[in-house]
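If you want the building blocks of each chain, they are given just below.
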Amino acid sequence: MIWKRQGKKANDHLIVVGNFDQQTFVDYAIPVKQRNHYIELLNSDAEKYFGSGILNSGPLKPYAVEVESDPETSEKQTKFELMITIPPLSIMVFKPVVKLRRSKVVGSKQ
């Protein structure tokens, strides 16, 4: 099961993944709307919770996938997918990482 908990802002959401089977799913694609990287906030399969330790480490980068939106016009639309490993009998929570860039404006007075 996969569901999204949405906050008030577009980037204020969590993706929750629950696997209630004994099978591990590798390279499982989850559709996401933004290109933002995601981090795994919680994984019940972590060793500290006495799990097997199958984790999704580091920032996870969504992959762009082109799909045809209208077969008559052949217009292509870009969607994004997050590839994760889903351990058996686990719950995981992912959060988008919002990077703020500070740019220095040349010639501005401060």
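As a reminder, the structure under discussion sits directly above these lines.
All values reported here derive from a predicted model rather than from experimental measurement. (Residues numbered from 1 in each chain as written. Predicted model: local features only at pLDDT ≥ 70, side-chain atom pairs only at ≥ 80, totals over all residues. Heavy atoms only, no water.)

Colleague: Before we go on, may I ask you to explain the overall build of the protein chain in this structure?
Modeller: Along its length, the protein chain carries zero helices and seven strands. Its helices and strands taken in sequence order, the protein chain reads β-β-β-β-β-β-β from the N to the C terminus. The buried share of the protein chain, taken over its 110 residues, is 26%. Taking all contacts inside the protein chain whose residues are at least 6 apart in sequence as the whole, residues at least 24 apart take part in 62%. (Helix = DSSP H or I, 4+ residues; strand = E, 2+ residues; numbered from the N terminus. Buried < 20%, exposed > 50% of the residue type's maximum accessible area, 1.4 Å probe, protein only. Contact = heavy atoms within 4.5 Å.)

Colleague: Please clarify how the sheet that holds strand S1 (residues 2-6) should be interpreted in this entry.
Modeller: Where strands meet in a sheet, backbone hydrogen bonds hold them as pairs that are either parallel or antiparallel. What the four strands build is an open sheet, ordered S1-S2-S7-S4; its pairing is antiparallel. The open sheet is flanked by S1 and strand S4 (37-43), the only strands paired with a single partner. When strand polarity is set aside, the average angle formed by the axes of neighbouring strands in this sheet is 25°. Bridge count for S1 against strand S2 (residues 13-19) is five bridges, and the pairing is antiparallel. Among the inter-strand pairings, Gln6 is bridged to a residue of S2, identified as His13. (Pairing = 2+ DSSP bridges. Axes fitted to C-alpha atoms, helices over the stretch in contact; angles between N-to-C directions.)

Colleague: For this particular structure, what's the right way to read the nonpolar core?
Modeller: Generally speaking, soluble globular proteins have nonpolar side chains that are buried together. Core analysis: the biggest nonpolar cluster contains 12 residues, these being Ile15, Val17, Ile30, Val32, Tyr38, Leu60, Phe80, Leu82, Ile84, Ile86, Met92 and Phe94. Secondary-structure elements contributing two or more residues to this core are S2, strand S3 (25-32), strand S6 (75-86) and strand S7 (90-97). In this view, Ile84 contacts Val17, Phe25, Val26, Asp27, Tyr28, Ile30, Asn56, Leu60, Met92 and Phe94; residues no more than four positions away in its chain are not counted. (Core = buried A, V, L, I, M, F, W, Y, C linked by side-chain atoms within 4.5 Å.)

The analysis is restricted to geometry; functional conclusions fall outside its scope.
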